[in-house]
Amino acid sequence: MKIGLFIPCFIDAFFPEVGIATLELLERFDLNVVYPPDQTCCGQPMANSGFETDASGAEALFVRNFDGFDYVVGPSGSCVHHIRHHFTAVEQTAAVEGVRARTYELVEFLHDILKVDAFPWARFPHKVGLHNSCGTLRGLGHASASELREPHFSKPEALLSKVDGLELVAASRPDECCGFGGLFSVFNESVSAKMGSDKVHDFAKAKAEYIVSADSSCLMHQRGCAERDNVSIKFIHIAQILNGAGA
Amino acid sequence: MRKSTSDDRPGNSKIEPQPRGARNKGNRPIDQAEAAERFLAAPHHQKQHDERLWTLRQRRDDQMWSMPEWEQMRTLASAIKEHTLSHLDTYLEMFETNAKANGVVVHWAKDAAEHNSIVQRVLERRGARTLIKSKSMLTEECGLRADLAKAGVEVIETDLGERIQQLDGEDPSHVVVPAVHKLRTDVAKVFAATIGSDPDNDDPHHLAGAQRDATRPLILNADAGMTGANFLVAETGAVVVCTNEGNADLCANIPDLHIVSVGIEKLIPRSEDLAIFVRMLSRSALGSPITQYTSHFRGPRQGGEMHVVLVDNGRSERLGMEEFWTSLKCIRCGACMNTCPVYRRSGGLSYGATYSGPIGLIIDPTFNARKYSNLPFASTLNGSCTNVCPVKINIHEQIYAWRKVLVRKHETPFVKRAAMKAAGAVLARPAVYRATVERTNEALASLPRFAIYNGLNAWGKNREMPHPPAETFHQWFIKNRGGKR
């Protein structure tokens, strides 16, 4: 199985350890993982802000980079949500539609496609609060949402439950948005920062030592809020835990 | 300022003035972010607001879990509304015919001005100088009170929250709980200044009693009464009004003249359809199974008059907007506002519009795309609003769609336009992108703190910047896996 490794721009720039963990984790399953070196971004920052035309160059480049793989896998729910649901700045050719349909967020790829049932190399003896980003929760359907009357399920929880020693703790507002929201974090900074601050305090109250997420953008924002508020809590991407970080 | 929220002491609220809403600058864009920042700078108000509305959201969830058919009900409610809206002309005429047969006078108003002058004419004909009214977002939308004041008609709001807002000279901040942004100390201050109650007594029972004593005589002596409507039933011509205070019943039943102001989207075809909507309205709004009063008005009382003013005011135009017409399904329950994390931290008045919160973001720009051009950006697109909506309006997708429309209309700030154009150009070119990323990380790693955390860096105002790593993923890959491509 030939996998295109999608490392979104801000993970490339700020969280290389998340990219490395994703690559190493996928390689553990005997997959042929290829990193196309000319990749940049999926176009989400521009499109989410309404500037769809400005996203067309990035979207076209994304398709050029990732055409021809069996699957494209990336460790970022919001980017994959963009690719699957909003990637319309470029003409919808067969190649574009194919790439969009074959692009998976890491958790869903492990859960739905590989159906991984054990991570024997992983051990994480800590209290962990799971932050489902809105893109993964309500966009990609990683888990049941608290607003809907539906049976409880959670793909990230299912994966984390296979990690030795890991104990999940729940925030009092389990799927309240943390307030990152792309450009919202800058143009509506006071509300954004307050949401992030409330989020990390909520997790701290639940005695979480770590906040784990499938989205580094939410983690980057929450970490910035926690550091400013002197909340001692650590942040880690789910790829790192599943790849055996701290084991 | 924001920091003080963590060690909240209720006693401090007495010294915290109530934050006011957005500054109205005529046709210029409302700055929601600026008003929200002032709301956040009043931590007692913000905390109470957030917690009160979150409680409503939790109660709504409890109601949802008490009804196994909840999701089916949402699907049905949505389908009934979409059916009605796509046959609106037929149902409006059916309603008119049946209401007329019941002895109701039916008026058609194409916009706010026509609505206000119809109401004024009806009042004039009976020589009415005082009007008691129950809560109606439509009359807020039409600016009715200001127009009637000019004509010398005194308007008395009878919904407690709405009355508080009227006495304070403020608009309602929420479609269901209009004074939810106020602390009880704020209410005590307003009542002391307007109805002469004790400024130091902020006991809610005392305040409600004082208001009742002051308003009851005005209600009993009013010349005319006005209500809004939650639903119009086409097959019977009935007007259905849901309240918890029974004040709509006072407005409809005490004076001889009852005027109903209602938007044309409030129609439903049959009485039996109410079984869906009445079950969902209060559950979604306040998390209670039903409102205390669900009143059906079918015609004038003996010797009285009943008028229904059917108001368009932009609704027909909205009905023709492919991406936005389903916003007309809204039953004004406010569930999207209660769940919205941005709304709870901003206050409804920060939106500077009749409709605030998520539903406001997608309705307000239809009234004035320039004035409300910032509103669709006051969202993280988290989608909770869509999930709680009892009529399944895809609110967050419409917010996303409005952003594209506003960018096309050039109703976005220059700095954002320039930044997005530049970002789009960089991200389309791998070599330029590489150079930019590496320069940024170097700058973050080497610049002194004062150069990073300055007035120009909105991110850094209340948050720390990300820490630049020693190398990017790309650099790591080339170094460690270079040969493997």
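The rules behind the values
Residues numbered from 1 in each chain as written. Chains lettered and ligands numbered in written order. Predicted model: local features only at pLDDT ≥ 70, side-chain atom pairs only at ≥ 80, totals over all residues. Helix = DSSP H or I, 4+ residues; strand = E, 2+ residues; numbered from the N terminus. Rg over C-alpha atoms; globule rule 2.2 N^0.38 Å. Buried ≥ 20, exposed ≤ 12 C-beta atoms within 10 Å, placed from the backbone. Contact = placed C-beta atoms within 7 Å. Nonpolar A, V, L, I, M, F, W, Y, C, P; charged D, E, K, R; others polar. Pairing = 2+ DSSP bridges. Right-handed = clockwise from strand over helix to strand, strands pointing away. Domains from an automatic or database assignment. Axes fitted to C-alpha atoms, helices over the stretch in contact; angles between N-to-C directions.

1. Looking at the overall build of chain B
Looking only at helices and strands, chain B features 22 helices and ten strands. Whereas a compact globule of 485 residues would reach a radius of gyration of roughly 23 Å, chain B reaches 26 Å, a difference of no more than 12%. Considering only C-alpha atoms, chain B reaches an extent of 90 × 55 × 45 Å along its principal axes. Within the span of chain B, comprising 485 residues, buried residues form 48% of the whole. Put simply, of all contacts in chain B between residues at least 6 apart along the chain, 74% involve residues at least 24 apart.

2. With respect to the interface of chain A and chain B
With 57 residues of chain A at the contact, the number on the chain B side is 58 residues. Elements represented by at least two residues in the side of chain A that touches chain B include exactly helix H1 (9–14), helix H2 (16–27), helix H3 (44–48), helix H4 (52–66), helix H8 (134–140), helix H10 (184–187), helix H11 (189–205) and helix H12 (216–229) of chain A. Top element by residues in the side of chain A that touches chain B is H11(A). It accounts for seven residues. Considering only residue class, the side of chain A that touches chain B consists of 29 nonpolar, 16 polar and twelve charged.

3. Notes on the environment of B:Ala101
Residue and element names in this part refer to chain B. With respect to the secondary-structure elements, Ala-101 resides in helix H4 (residues 88–101). Residue classification places Ala-101 among the exposed positions, given that 11 C-beta atoms sit within 10 Å. Linking Ala-101 and Ala-128, residues 27 residues apart in sequence, is a C-alpha distance of 26 Å.

4. Looking at the pairing of strand E8 (residues 234–237) of chain A
Residue and element names in this part refer to chain A. Summarising the sheet, strand E7 (residues 210–213) and E8 pair through four bridges and their orientation is parallel. What sits directly across from Tyr-210, in E8, is Lys-234. Where the polypeptide runs from E7 across H12 and back to E8, its parallel neighbour, the crossover connection is right-handed.

5. Some points on the domain arrangement of chain A
Residues and elements named next belong to chain A. Looking at the assigned domains, one finds that chain A contains domain 1 (2–113) and domain 2 (127–242). The distance between the C-alpha centroids of domain 1 and domain 2 comes to 21 Å. At the level of secondary structure, the elements contributing two or more residues to the side of domain 1 that touches domain 2 comprise H1, H2, H3, helix H5 (77–86) and helix H7 (106–113). A per-class count over the side of domain 1 that touches domain 2 returns 13 nonpolar, nine polar and three charged.

6. Quick look at the domain arrangement of chain B
Taken domain by domain, chain B holds domain 1 (15–56 + 320–408), domain 2 (67–315) and domain 3 (414–484). Using C-alpha coordinates to define each centre, domain 2 of chain B is positioned 54 Å away from domain 3 of chain B.

7. Here's the deal with the sheet that holds strand E7 (residues 257–263) of chain B
Residues and elements named next belong to chain B. If you walk across this open sheet you meet the six strands as E1-E10-E7-E4-E2-E3, and the pairing is parallel. Two strands bound the open sheet, and with one partner strand each, they are strand E1 (105–109) and strand E3 (154–157). Pairwise comparison of adjacent strand axes, ignoring direction, gives a mean angle of 25 degrees for this sheet. In this sheet, E7 lies alongside strand E4 (residues 224–227) in parallel orientation, the contact comprising four bridges. Paired with Ala-224 across the bridge in E7 is Leu-257. Packing against the sheet, helix H5 (residues 112–125) makes contact with E1, strand E2 (130–133), E4, E7 and strand E10 (305–311), and its axis sits at approximately 170 degrees to E10.

8. Some details on the sheet that holds strand E6 (residues 167–169) of chain A
Note on sheets: strands pair through backbone hydrogen bonds, and any given pair is parallel or antiparallel. All names here are of chain A. The parallel open sheet is built from four strands, whose spatial order is E6-E5-E7-E8. Where the open sheet ends on each side, the last strands, each with one partner, are E6 and E8. Across the sheet, the mean angle from the axis of one strand to that of its neighbour is 40 degrees, orientation sign disregarded. Strand direction decides the pairing type here: strand E5 (residues 127–131) and E7, joined by four bridges, are parallel. Within E7, the position partnered with Gly-129 by the bridge is Ile-211.

9. A look at unusual backbone geometry
Residues and elements named next belong to chain A. Positive phi, close to 50 degrees, is recorded for Lys-115, a residue that is not glycine. Residue placement: Lys-115 occurs in the loop between H7 and E5. Positive phi outside glycine occurs at Lys-207, with the angle close to 70 degrees. Within the secondary structure, Lys-207 sits in the loop between H11 and E7.

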